[in-house]
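# An overview of the molecular structure
Here is what each chain is made of, one letter per residue.
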Amino acid sequence: MSPVNSNEEQFESFERLLQRSSLGRPGASQLRQRTSAADLERVRRASAAASVRPAVVGRTVSGLGHARSQPSGYLVGRAKETEQIRRALEETAGGTGGCLVVSGEAGIGKSRLLRAAAVLAEERDISVAALQSSQHDQEAPLATLSQALLASTPPSSSFDWLAQPQDPRLDADSRIHRIQESLARYTAARPLLIIVDDAHWMDRLSALAVRKLVPALVSSPVRWLFARRRSAAPTAGSQTLDWLVANGADRMELVLLHYYAASLLCADLLGVVVDDTVRALAAISGGLPSRIEQLVSSLLATGQLSVDARTAVLLGEELPPLLVETVQDGLRDRPERSQWLLRVTSVLQPLDLAVARRLGGAPVGQLFELIEEAVSAGILVRGPQGLSFEHDLVRRAVYAGLDAATVRRLRRWTGEWPAVGHDRQAGAVPSERPREQASGVPDGGPTVLRILLGTQLRRLREAKAITREDAGWEIRASASKISRMELGRVSFKERDVSDLLSLYGVSDGNEREALLVLARQANTGGWWQQFSDVMPGWFQSYLGLEAAARLIRVYEIQFVPGLLQTPDYARSIIMLGHAGVMPDEIDKRVELRRQRQQILHRPGGPHLWAVIDEAVLRRPIGGVDVMKDQIEFLIQASEMPNVRLQIIPFYDSGHSAASSSFAILRFPEPELPDVVYLEQLTSAIYLDQRKDVEQYARVLERVCLKAEPAEHTREILEKMLHEVGRF
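From a predicted model like this one, the values you see are computed outputs, not experimental measurements.

### A closer look at the overall build of the chain
Helices and strands together make up the secondary structure of the chain, namely 30 helices and 16 strands. When each of the 727 residues of the chain is scored for burial, the buried share is 54%. Long-range contacts, defined here as pairs at least 24 residues apart, represent 77% of the contacts in the chain between residues at least 6 apart. Counting every atom, the chain has about 31,700 Å² of accessible surface; 51% of that belongs to carbon and sulfur.

Below you can see the structure in the form of structure tokens.
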């Protein structure tokens, strides 16, 4: 990226963004006043850099060893806290000590503040002894304090004795007294800042030593800086920190960043001005810096954050699981009534205020307070037809956390619920419908329809508190038959569905007819029925799910994904697994794979996101010519608008999914949960429990972060194309 032409122009552009965002937002100007001039000056410097700083994006806060590599002005939104530390260090440089205890929830930025403190100390020629304590410290007496002092910079022989085997003649008091003498010798030459992060985990003897040393050295140039989590379990360390505060130690409570500070942090992380789309995501983060960093890192890795020399803009329609998780975490941190407003708006956008008042049953004054807070925070905006989200990705991420029953209930209350199904991904307005063929059957064919119908029947049964045994009795079947019907694993008789609807109290003619039509459609055959003689039944279910999916995410370590295979490559793989099979059967299997691939070319087809291990492309399946054709095909496929292809290089040191390939499928219909597909030699596993799907989604997210960006894929494949046959 080229540098900006004018630093002042870049900064003024950001000023205009802030001013524009304040128009028509009562309370926004007051929020903006709390963004200090020091914060704006930091953005001025960050904007001038006009580049993404790898050391910042995706950085962990797991240690303090690299504190001096961070710029001292990094802490956006923490000007007051940084100034307090700066004043304390000036006192230490002048020869007096003291103690500061920093508290805050996980991810609030305690470690970041301590790193900044170390930078400020070095600028004042103050030595730093820093350590991040852990639960393991409690197992070794004096481990916390010893490790911190041994890590002091510049190093000193004053503390070398702490690394030697313990002298059995020294009791605890004697060792603490010797540490005091060592500190006195060290600070006679240079002031010292002692930093302990996660200090609630310090061992019992270190905690005792701190109680004795902090008061004893208050007149010496020793400054103590401790950080702890607000909700830390009661330990010797946390009790000591409480004792220090009760006996005069300074206290600092880190709070969540307000809206504009969160926007400024995004700009600082990216080194450029951020537009309204990025600021809208920052607004829902809940003001937690770690969430904002995680969000920026995720969007950069997935290519949805475009950063040029002047501006960062959010692109694309995909909804990464990490984004959903971040937004949902931020949502849970908001007051309960605020959560309610955002969730209702995600379903009924634009939300008419009269509808909101009727649904919420809240006093007008309270409702308007909720609306003003959400608008001032940059999450919602007012429009002529009601409330809407500032950015649709945020709305969809909020919507993704709702169960289908809640969505259906809200839309029924407002008269907007369609008879069957709606678009889960977009949280679509009621007029939007799932993809359908001319016959009216969704593209997934009977597989998806059976699951949809089974899910509807299960919810109706549970709403009436009817057991599977009683439902089975009604249709002259067993409880296990009802279970298989509700899971969509068997076909439906229209008579059975009609009897169950009567048992469940469904008397509305339109609703009954919609479900009976669904039952008839669920018994039609899929396009793959003509290939049933060459594929197992467990794979037919996958074809139905694949055809109905809106998003298919695949990780492969053995072969090129089936949807991206050339005929010759597919033939070579099939022959590897079916040696001795007649040529006609091989041809039919190849044709099956070719027809599967047509879903990527149909209007409204699914998006495919494939991550492939480099070993897949180095393995000479079918010989040199076959692999060359396959790689050329992948180059062409990588240019398709609905295909995203990433490659994990050999030099990656390993990752959390290294042992198996898998796929995750997402569907437009809200009744269908995401499905994880794990193929084995003679069977397959389908996982749809939320905890299982989320685990695989997190693994795949980490794999995507380790893989080369999709923008580099073509270059990598072209290089491999020239190297085929050399390995």
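### Considerations on the pattern of salt bridges
Scanning all chains against the criterion turns up 22 salt bridges. A salt bridge links Glu-83 to Arg-86, with the nearest nitrogen and oxygen atoms 2.8 Å apart. Remark: Arg-86 and Glu-83 occur in helix 4 (residues 79-93); sequence separation between them is three residues, near one turn of the helix. Close ionic contact of Arg-714 with Glu-639 constitutes a salt bridge, the shortest N to O distance being 3.4 Å. Here Arg-714 is found in helix 30 (residues 713-723), whereas its partner Glu-639 is found in the loop between helix 28 (624-637) and strand 13 (643-648), with 75 residues between them in sequence. What you see here is one network of salt bridges that share partners, running through Glu-83, Arg-86 and Arg-87.

### Here we look at the side chain of Ser-572
With respect to the helices and strands, the residue Ser-572 is situated in helix 25 (residues 567-577). Relative accessible area serves as the criterion here: at 16%, Ser-572 is assigned to the buried category. For Ser-572, the residues in contact, after removing those within four places along its chain, are Ile-621, Gly-622 and Val-626.

### Looking at a negative patch on the surface
A cluster of acidic residues, Asp-568, Asp-625, Asp-629 and Glu-632, forms a negative patch at the surface. With three residues, helix 28 is the largest single contributor of residues to the negative patch. Here Asp-625 lies in helix 28. Given a relative accessible area of 59%, Asp-625 falls into the exposed group.

### Topic: helix 21 (residues 479-486)
Among all positions in helix 21, only Ile-482, Met-485 and Glu-486 are buried. The buried side chains of helix 21 occupy one side of the element, clustering within an arc of 95° when seen end-on. At the C-terminal side of helix 21, Gly-488 shows a positive phi close to 75°.

### Remarks on the sheet that holds strand 4 (residues 222-229)
With respect to topology, five strands assemble into an open sheet ordered 2-3-4-1-5, the strand pairing being parallel. Edge positions in the sheet fall to strand 2 (127-132) and strand 5 (250-253), since each has one partner strand and no second. In this sheet, adjacent strand axes meet at a mean angle of 15° when their direction is disregarded. Two elements, strand 1 (residues 98-104) and strand 4, share seven bridges in a ladder whose sense is parallel. Bridge pairing in strand 4 places Gly-104 opposite Arg-229. Strand contacts of helix 9 (residues 236-246): strand 1, strand 4 and strand 5, with the helix running at about 125° to strand 4, the strand carrying the most contacts.

### Some words on the side chain of Ser-346
One can find Ser-346 in helix 14 (residues 336-348). When its relative accessible area of 0% is taken as the criterion, Ser-346 is described as buried. Here the side chain of Ser-346 touches Arg-343 through a polar contact of 2.7 Å, landing on its backbone oxygen.

### Examining the packing of aromatic side chains
Under the criterion given, the structure shown has seven aromatic pairs. A ring pair is formed by Trp-224 and Phe-226, whose centres lie 6.1 Å apart and whose planes are at 15°; its orientation type is stacked. Like Phe-226, Trp-224 is buried. Through pairs of rings, three or more aromatic residues link up here, namely Phe-539, Tyr-542, Tyr-677 and Tyr-686. One Lys or Arg, Arg-553, reaches over the ring of Trp-609 and ends 4.3 Å from the middle of that ring. Above the ring of Trp-609, the side-chain terminus of Arg-644 is found at 5.1 Å from the ring centroid.

Calculation criteria
- Residues numbered from 1 in each chain as written.
- Predicted model: local features only at pLDDT ≥ 70, side-chain atom pairs only at ≥ 80, totals over all residues.
- Heavy atoms only, no water.
- Helix = DSSP H or I, 4+ residues; strand = E, 2+ residues; numbered from the N terminus.
- Buried < 20%, exposed > 50% of the residue type's maximum accessible area, 1.4 Å probe, protein only.
- Contact = heavy atoms within 4.5 Å.
- Areas by Shrake-Rupley, 256 points an atom, 1.4 Å probe, with all protein chains shown as cover.
- Salt bridge = Lys/Arg side-chain N within 4 Å of Asp/Glu carboxyl O.
- Patch = residues over 30% accessible without salt bridge, like charges linked within 9 Å, V, L, I, M, F, W, Y side chains within 5 Å.
- Lys, Arg positive; Asp, Glu negative; His and termini not counted.
- Charge placed at Lys NZ, Arg CZ, Asp CG, Glu CD.
- Arc of directions from axis to C-beta.
- Pairing = 2+ DSSP bridges.
- Axes fitted to C-alpha atoms, helices over the stretch in contact; angles between N-to-C directions.
- Polar contact = N/O pair within 3.5 Å; in protein donor to acceptor, adjacent residues only side chain to side chain.
- Phe/Tyr/Trp six-rings, centres within 6.5 Å; stacked < 30°, edge-to-face > 60°.
- Lys NZ or Arg CZ within 6 Å of the ring centre and 35° of its normal.

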